[in-house]
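Listed below, chain by chain, are the residues.
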Amino acid sequence: MILRRIGLTIFYILFIPFCIAWVYPLLWTLGVSVQSNSEAYNGSLSLLPKGFRLSMLLPQNWAQLIQVFHFGNYANAWYVASFGQFALNTVIFSITVVVFVVLLCVLTGYALGRHSFPGKKVFIGAIIVTMFIPHGYTIVPVWQLITTLGLNSSLWGMILAEVGGAHVLYILLFTAYFAGLPKDLEEAACLDGAGFFRVFFSVMFPLSMPIVATTCILQFIGTWNSFFIPLIFSINQPKLQTLGVGMLSFTSDYASNIAGMAAGAVITFLPIVALFVFFQRYFVEGIAGAVKQ
Amino acid sequence: MDIGVVSQSAIEHGGKRLLSRQQKRIHLFCYLFLLPQTVMYLAFTIWPILASYYYSFFNWDGVGWPTDFIGFQNYQGVISDPFFWGAFQNSFLYTIATVILVVPGALIMALILNNRKLKGVIVFRTLIFLPVVLTMAVVGLVMQDMFGYNGFFNRLLMWIGLLHQPVEWLNSAIIAMVLLILIGSWKGFGIKVIYWLAGLQTVSTEIYEAAHVDGANVIQRFRHITVPMLIPFLIVITILQTNESFHVFDLVRTFTNGGPFFGTDVVPLYIYNNAFGSLVPRMGYACAAGIVFGIATLLVSLGLGLLARRFGQRNTL
């Protein structure tokens, strides 16, 4: 018992610093984002800005904190380097993609999981087979399709390209979920005179909320972090850039502005980290479900 | 399916026909529900696959419709381009290295986090997982600064005393490649831990207890219960990691952009640069490169699948 406790203590002594080192790049970014740029540019090991003393945490000294912590980096990033615009684009892009993906997948999953009809097996087979055909890089035809539709000068182009990928995982999750619901649900609704649409929208769709939540979280994080498609559709159009692409333009234009870069990175990371921490359960269940499928 | 609700009299008077009409209506609704997904699927999955094969036979700069048919010249160009093979080699190196680091590493981490005696598992799991949700492109840019001349790592190593003056880490192709592999592994590590944890949790505790009662020790239990039950997960996780690593783009584009002098170029970046990065876009050429790489990665996946099957059979014998 004592031996085990000693073993566990040694383990904690090694493992806790390991975990801190693991997320240190994130702490570093946070620290640099409130340093003055000259301090950030010359590289400092301290996570806290130069001139910080513990006594500043006393309420009467709070005014000094604002002088030491350069929160102005955030204002600069937001207004001057147009991270405000990038953030707005990313929010619109992510939310729209999530709404469309959920709609597409819930409709598909309901039809596949709840009903049988001629051609169902062909449909499922086609979706699964395309996972194995070499896609090569299909981005050129996708880019051409969006350009031909005349959508490459608005956010709609990248939204459509992002929604267009086959979301096999979500379809399978919805299909399995709907197939597992008891049969009498629909029969009861039908006896009350509800048609196909009513049954779906007032009974089945609300019941599928757990899968909707999982899809929303996974797809939102995926779209927020998406880079390839936004890059292709907005590299020469700063007004359409998302946070990732905007960061790339920012660092190539202002390579020496490390503090501004860090503030931009925090603006990019913070919403998604918060979302992940709050909705961790759905996220973990979703991806655990993926590997079990 | 069978939500056909028919009144009693309807069943008496030729209900069969009514029922089938009802059923037809349901089929129609099903097709209606599948329609949006089908349209998107045809437009953004089937058409791009077919079109990229078609375009690969043209000399085409992406303006208008391709007209300059050149047969297999794009393919010949790809196959005889040393930069393509350089990128190809880097892609494979990156993939093999990340698989070797991540797949067993994540298993060890999952075994640690699966230990019931450990306190604060959720906090540890959250921390280990955190890099996964970060935007890869931004991570690449942050890391570029951390490994820069005045960056964090030079300062740290000088403070410890391992370095006397700063080093330009990213000026060496070998070091840049090693860093890419380490950062890529770090970034995708957490998700594989979750996969392994899902796998470990399918091994029921009853089997363990039974084995414990029969006198099997920790190592025997791991060898004879955990390992065989985890093999399907090993295969799936290896395939997922392989796939992810073959398609690495964001990190390479932002961290090294393929440099120094194409030393860390990978095939997705090579394709991107041919299609979108140069003054004269070579769309057809990019398609051909994509197809050559697609076939190579498919062969690897098939190989892994066959290996898995053979391994699975031997295990059941």
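Remember, predicted model here, so these are calculated numbers, not experimental data. Along every chain, residues carry numbers that run from 1 in the direction the sequence is written. Key to labels: chains lettered from A, ligands numbered from 1, both in the order written. Local features in a predicted model are, by the rule used here, given only for residues with pLDDT of at least 70; side-chain atom pairs are given and counted only at 80 or more, and totals for whole chains, interfaces and linings are based on all residues. To get the side-chain values, all heavy atoms of the structure are used, and hydrogens and water are removed first.

K.L.:
What is the right way to read the overall build of chain A from this model?
P.N.:
A count of helical and extended segments in chain A gives 17 helices and 0 strands. Atoms considered for the radius of gyration are the C-alpha atoms alone. The globule rule reads 2.2 Å times the number of residues to the power 0.38. Rg of the C-alpha trace for chain A: 25 Å, well past the compact-globule value of 19 Å for 293 residues, more than 25% over. Principal-axis analysis of the C-alpha atoms gives chain A an extent of 70 × 65 × 40 Å. When burial is assessed residue by residue, chain A has 52% of its 293 residues classed as buried. Here, Shrake-Rupley sampling with a 1.4 Å probe gives the accessible areas, and only protein chains in the shown set may cover a residue. Accessible surface for chain A amounts to roughly 13,600 Å². Of this, 70% is attributable to carbon and sulfur atoms. Positive and negative side-chain charges in chain A, numbering 12 and 8 respectively, have mean positions lying 10 Å apart. A helix here means a DSSP run of H or I that spans at least four residues, while a strand means a run of E at least two residues long, and both kinds are numbered starting from the N terminus. Exposure categories follow from relative accessible area, calculated using a 1.4 Å probe and restricted to protein chains: below 20% of the type maximum is buried, above 50% is exposed, and the middle band is partly exposed. Charge assignment in this entry is limited to Lys and Arg as positive and Asp and Glu as negative, and neither His nor the chain termini are counted. A charged residue contributes its charge at one atom only: NZ of Lys, CZ of Arg, CG of Asp or CD of Glu.

K.L.:
It is not clear to me how the domain arrangement of chain B should be interpreted in this structure. Could you clarify?
P.N.:
Quoted interface sizes are often the accessible area lost when the parts come together. All names here are of chain B. Either an automatic procedure or a domain database provided the assignment from which the domain bounds are taken. For chain B, the assigned domains read domain 1 (8-69) and domain 2 (81-316). For domain 1 and domain 2, the distance between their C-alpha centres works out to 37 Å. Facing the 8 residues of domain 1 at the interface are 7 residues of domain 2. By buried area we mean how much accessible surface two parts lose on assembly, using a 1.4 Å probe and totalling the loss over both. Carbon and sulfur atoms make up 73% of the area that domain 1 and domain 2 hide from each other, which totals about 600 Å². Area buried by domain 1 at its contact with domain 2 is led by Ser56, Trp60 and Asp61, which between them contribute 56% of it. Here, a salt bridge means any Lys or Arg side-chain nitrogen found within 4 Å of an Asp or Glu carboxyl oxygen. Our enumeration of links across domain 1 and domain 2 arrives at 0 salt bridges. Polar contacts here mean pairs of N or O atoms no more than 3.5 Å apart (in protein, one a potential hydrogen donor and the other a potential acceptor; neighbouring residues in sequence count only if both atoms are side-chain atoms). Our enumeration of links across domain 1 and domain 2 arrives at 1 residue pair in polar contact (both at pLDDT 80 or more). The contact definition used throughout considers only heavy atoms, calling two residues in contact when any of these lie within 4.5 Å.

K.L.:
For this particular structure, what's the right way to read unusual backbone geometry?
P.N.:
Note: most residues except glycine have negative phi, and most peptide bonds are trans. All names here are of chain B. Of note, the phi angle at Phe261 is positive, near 40°, even though the residue is not glycine. Mapped onto the secondary structure, Phe261 falls in the loop between helix H11 (250-255) and helix H12 (267-277). In this structure, Phe262 takes a positive phi of about 65° despite not being glycine. Assignment of secondary structure puts Phe262 in the loop between H11 and H12.

K.L.:
I would appreciate a short explanation of the side chain of Thr90(A) in the present structure.
P.N.:
Residue and element names in this part refer to chain A. Assignment of secondary structure puts Thr90 in helix H6 (residues 83-114). Residue classification places Thr90 among the buried positions, given a relative accessible area of 1%. Those residues in contact with Thr90 that lie beyond four places of it in its chain are Trp224, Thr242 and Leu243.

K.L.:
Sorry, what's going on with the pattern of salt bridges here?
P.N.:
A side chain with one charge may pair with a side chain of the opposite charge, provided their charged atoms come close. All names here are of chain B. Under the counting rule described, the total for this entry stands at 1 salt bridge over all chains. When the shortest N-O distance is used, the salt bridge between Glu244 and Lys192 registers 2.5 Å. Within this pair, whereas Glu244 is found in helix H10 (residues 218-246), its partner Lys192 is found in helix H8 (residues 173-202), the two being separated by 52 residues in sequence. Look at Lys192 and you get buried, because its relative accessible area is 1%.

K.L.:
Would you explain the nonpolar core in this entry?
P.N.:
Soluble globular proteins tend to bury their nonpolar side chains together. Core analysis: the biggest nonpolar cluster contains 179 residues, and Phe83(A), Val140(A), Phe283(A), Phe129(B), Val193(B), Trp196(B) and Phe255(B) have the highest contact counts within it. Ignoring anything within four residues of it in the chain, the contact list for Phe283(A) reads Ile217(A), Leu218(A), Ile221(A), Phe276(A), Phe129(B) and Val133(B). The nonpolar core is taken to be a set of buried Ala, Val, Leu, Ile, Met, Phe, Trp, Tyr and Cys residues, with the residues joined through side-chain atoms within 4.5 Å. Met56(A), Leu65(A), Val68(A) and Phe69(A) belong to the second-largest nonpolar core, a separate cluster that totals 5 residues.

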